[in-house]
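Structural features, examined
In case you want the letters, here they are:
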Amino acid sequence: MRRRLRLGINAWLILLSLFSAIPIVLFSGFTIYRLGVSQQNVQISRLSHRAVAAAVAVEQRLAAMSAMTRGLALSDAALQGDVPALYRQATRLLKVAPEARLITLIDAEGRQIFNTAVPLGSAIPPASQGEVVRRVFSTGLPVVSDLYTGVVVAEPTISINVPVSREGRVVYCLRMSVLVDIFSQALRDQAVPPGWTVALISQSGVIIARNHEAEQFVGERSRDDIFEAIASRREGVFDSVTHEGTQVKTLVQRIPEADWAVVIGAPVALLNAGLMQSLWAMGIGGALLVMVGMAASLWLARHLARQVSDLAVASTTLDAGEERRLPATLIRELDEMGAALGNARSREIQVCAELSESKTTEAMLARLVEELRLSQAQVIQSAGRFQALLKTASDGIHTLDEHGNLLETSDSFLRMLGYEAHEMEGMAVGDWYVDFHPDTTLASLRFQVEEQEGRIFEAKFRRRDGTVFDVEISCRGVHVDGMRYLYAAARDITERKTAEAKIQQLAFYDSLTHLPNRRLLLERLTQAKALVSRNGTHGAVAFFDVDNFKILNDTLGHRMGDLLLAEIAGRLKACVRDTDTVARFGGDEFVIVLEDLSGDVEEAALRADGIVEKVLEHLAEPYQLENHLHFSTVSLGVTLFHDKDVTNDDLLRQADLAMYQAKAGGRNTRRFFDPKMQAGLAAQSALESDLRAALENKESLVLHYQPQVDRRGGLIGAEGLLRWRHPVKGIVQPDEFIPLAEASGLILALGTRVIAMACDQLAAWSRDPVTSHLALAINVSARQFRHPGFIGEVEGALARSKIDPRLLKLELTESLLLQEMDDAVQKMRALENLGVSLSLDDFGTGYSSLAYLKRLPLSQIKIDRSFVRDILVDANDATIAKTIIVLGKSLGLSVIAEGVEEPGQWRFLHDEGCDQAQGFLFGRPMPAEEFLVHVRQRSRMSSLSDGLSLVH
Ligand SMILES: Nc1nc2c(ncn2[C@@H]2O[C@H](COP(=O)(O)O[C@H]3[C@@H](O)[C@H](n4cnc5c(=O)[nH]c(N)nc54)O[C@@H]3COP(=O)(O)O)[C@@H](O)[C@H]2O)c(=O)[nH]1
């Protein structure tokens, strides 16, 4: 027989505590191990966070300096080539940006046109860093130099070099020299742990800045392993050893904008010190916890064992017939057992109690007396509650007689008005009502008393200290014993009124400039028309937008744009009377409504002109936008009104039209609306409806085809150019209707039609051996390209016509690609995947730069005809054309020149390596049938010359 282990409850519980400690010890060990591993990962991610933060700090400082330089390069002085004004602006800029030491203007030959270190006009030696200057001129892009110590600024410096362009050509290089100490400061600001090193290193491995000992190390070469990582443009963490033999974890974070890198070195011993400390602390802490846990288990075990034995002793005495309560324990099952044992004894005691019950009637009487006492207490409580209500109610409760005399008030009413109770004795409504009129206000109160119906209305009360606030009053009249009273509760609605005002502000005011928005403007304009028509006077509407606002937004960011708009709003308010309205119409557009100028139209025009002249002057003053000194102008259109029946839309359109006339006449100027403009407007809108009708009619819109030839003069295809056969005007040229179509949105339908016509034409050509090889290029407008359905549309047209997609060439313009570049590249890739070719039209007229060209899946660039026209007489145009050809070749793109009219032009382009040409020299745009005749003629001539060459 197996022997059973028999132990007391004490021993069993101790064994239980010991076994339960084993898994805890195992789990703690595993946790400490895991913690060690994760601490290592935390250190590495801490390292990379520090590096990213340091890189961002450096980038921000670099971006700020570079934005200032670019801002200066885009100022009117720079764009107009006004060197003295640019010099003045540059010296002013240096005052607000102390980190920048010098600003230099350099021409293409490397001559310094000015240097802010010396007065304008002084003799200055050629600029240093010739290679940097050459790069700015050849790429048209900003270039950040390597570290150098200049002649004037004898401290470690870098320079930011940006192009100053005019009509698409780089004319100067504007250089700002910046002390590198700003980058060392940026690194110091990161406050990395002691012993860590953060350095900024250039692509050539030179240390530009360091968080400590910068004076000693700036200008030195970095360690080889770091240089290798930077040279191979690697990023990330690696282990290395310093010159002093210290083991370090090194992290490299690149700054692509300047081709620099931030490098952080953290000694491994320092990184692990924290880790070892935590592991020790956890080990010792864990052991202590296990020991405390064990001690607590042992104590509990002993305690429970004692309770079991106490219960055992108590149940023995109950058994012997002694009446006694069994001891309560902490164990539910033991308590239930004890309760069962005591049950019989309890029942015996209850039977004895029932026997002693008597005198039932006496008990009933006592109950009646108690109920009476309770109901008395309720009456007293209810009166008390009413008093409490008067004391605690948040509304100001008060009672008036029919003459408005105050009879009774709640505490809150006193608090609301700021009086003590005795001070209000004998007061009447007129003492706290604002705008109290004895006749009307009292009459209305009496009416309410008579009506005996509840009323709610708003009023204004005056406090004891004279301040006024809004209240909502709910009141009711009552008749008691032949007397008439008014009970009123006043609620302070100041907060609600403030909220209403805020909503009003949001709905009718622009949140950036706090000026009235378009909605409020239209309301005020309607009121102004009614006023001038009533008074027999004239008012004026002035409309303007900010010249070159988009350039500011694109170069310095939307934050700067917002600052400029807010500053403009402030200046505008100072120029007009309080009764006039200045509103933000949307974006960078503002509208001013001037009321009641004069009864005489000429005088009204003179007054309006005086005000808008003041506006132009104020707005042309320089703007200090944070660290950036900005120069901005506006163009303004004005129209007069004195008739309330003219619509707001008409007035705004007239002012808008006048503004465009002002822009056409040069910036920073104003124009008054002239009825002749209205006629132009009417003609435009008639043309727009004719164009709408033309879109319904298949015959009205046709493509004309202009030949495109290769280097040998062989026909390779055509460009399809849209023509409108107008029923009255005859053939309308695209220059006349494409801008109209763009403005009205009809360009989308027009673009769809052109794609379909081009695909149909290619399908027709594919069926004839003489034309089957010809490619067809068509123009795509910006709005058409940006439309979400554009890719689907091209895909549908290709599928429907079943043509070879490679023969369809889409011509896109540079400006179209510059906006939302990522989206544009994505769309171009989708088109490339469909198989169509992409050509960049009007190349050279925009911001042509190698940086963006490299990103685009293009097959061709087209030299704009404005360069070709004077290629033989203007050396600049010749250089541009040559550069475009070289650029195209270097990117593996074919280059086509448009607008070739003379053999000399084509000879020049041909000799420079241009691949294809288009222009009147090879044929004007012609209808499809004429183009076919042209193709056949050429084909016959070429077979003839082939035949002749065979004969010879
Ligand atoms: N979105 C669309 N735009 C279109 C479409 N069809 C035309 N257009 C654009 O309208 C602009 C004017 O076009 P057009 O009057 O047809 O002028 C073209 C040629 O006639 C002209 N050209 C060609 N060779 C010469 C020349 O030797 N000398 C000379 N003075 N002019 C010449 O150039 C125009 C072609 O320009 P481009 O498109 O840039 O190649 C024009 O901007 C068209 O793009 C359309 O369907 N959709």
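If you're wondering where the values come from, they're calculated on a predicted model, not measured in any experiment.

**Let's talk about the overall build of the protein chain**
Scanning the protein chain from N- to C-terminus turns up 31 helices and 32 strands. Counting contacts in the protein chain only where the partners sit at least 6 residues apart, residues at least 24 apart contribute 59% of the total.

**Examining the site of the ligand**
The full set close to the ligand counts 24 residues, and E719, R723, R865, E898 and E901 are the nearest of them. Within the backbone of L722, a nitrogen or oxygen atom sits 3.1 Å from a nitrogen atom of the ligand. Burial of the ligand by the protein chains amounts to 84% of its free accessible area of 820 Å². Those elements giving two or more residues to the shell around the ligand turn out to be β25 (715–726), α21 (734–744) and β29 (837–843). For the shell around the ligand, the element with the highest residue contribution is β25, accounting for four residues. For the shell around the ligand, the residue count by class is eight nonpolar, six polar and ten charged.

**Digging into the packing of helix α17 (residues 558–575) against helix α18 (residues 601–620)**
Running from amino to carboxyl end, α17 crosses α18 at an angle of 145 degrees, the nearest separation of the two axes being 10 Å. When the axes of α17 and α18 are compared, the crossing they make is right-handed. Mapping the contact onto sequence places I568, R571, L572, A574 and C575 in α17 and I611, K614, V615, H618 and L619 in α18. Here the contact of α17 with α18 is built from residues that sort into seven nonpolar, one polar and two charged.

**Quick word on α17**
The first and last C-alpha atoms of α17 sit 26 Å apart over 18 residues, in line with the 26 Å expected at 1.5 Å per residue. Among the residues of α17, M560, G561, L564, L565, I568, A569, R571, L572 and C575 are the ones counted as buried.

**A short note on the layout of surface pockets**
Within this model, the second largest pocket holds a volume of roughly 970 Å³. Forming the boundary of the second largest pocket are 33 residues, of which E719, L721, P734, D735 and N779 lie nearest the centre. Residue assignment for the lining of the second largest pocket shows that the elements contributing at least two residues are β25, α21, α22 (747–766), α23 (782–786) and β29. Counting residues per element, the lining of the second largest pocket draws most heavily on β25, which supplies five residues. The residue makeup of the lining of the second largest pocket, split by class, is eleven nonpolar, twelve polar and ten charged.

What counts, and at which threshold
Residues numbered from 1 in each chain as written. Predicted model: local features only at pLDDT ≥ 70, side-chain atom pairs only at ≥ 80, totals over all residues. Heavy atoms only, no water. Helix = DSSP H or I, 4+ residues; strand = E, 2+ residues; numbered from the N terminus. Contact = heavy atoms within 4.5 Å. Near = heavy atom within 4 Å. Polar contact = N/O pair within 3.5 Å; in protein donor to acceptor, adjacent residues only side chain to side chain. Areas by Shrake-Rupley, 256 points an atom, 1.4 Å probe, with all protein chains shown as cover. Nonpolar A, V, L, I, M, F, W, Y, C, P; charged D, E, K, R; others polar. Axes fitted to C-alpha atoms, helices over the stretch in contact; angles between N-to-C directions. Left-handed = near helix turned anticlockwise from the far one by under 90°. Expected span 1.5 Å × (residues − 1). Buried < 20%, exposed > 50% of the residue type's maximum accessible area, 1.4 Å probe, protein only. 1 Å grid on protein atoms, 1.4 Å probe; cavity = no way out; pocket = protein on both sides within 12 Å on 5 of 7 lines; lining within 4 Å. Points joined across faces, edges and corners; volume = space filled by probe spheres on them.

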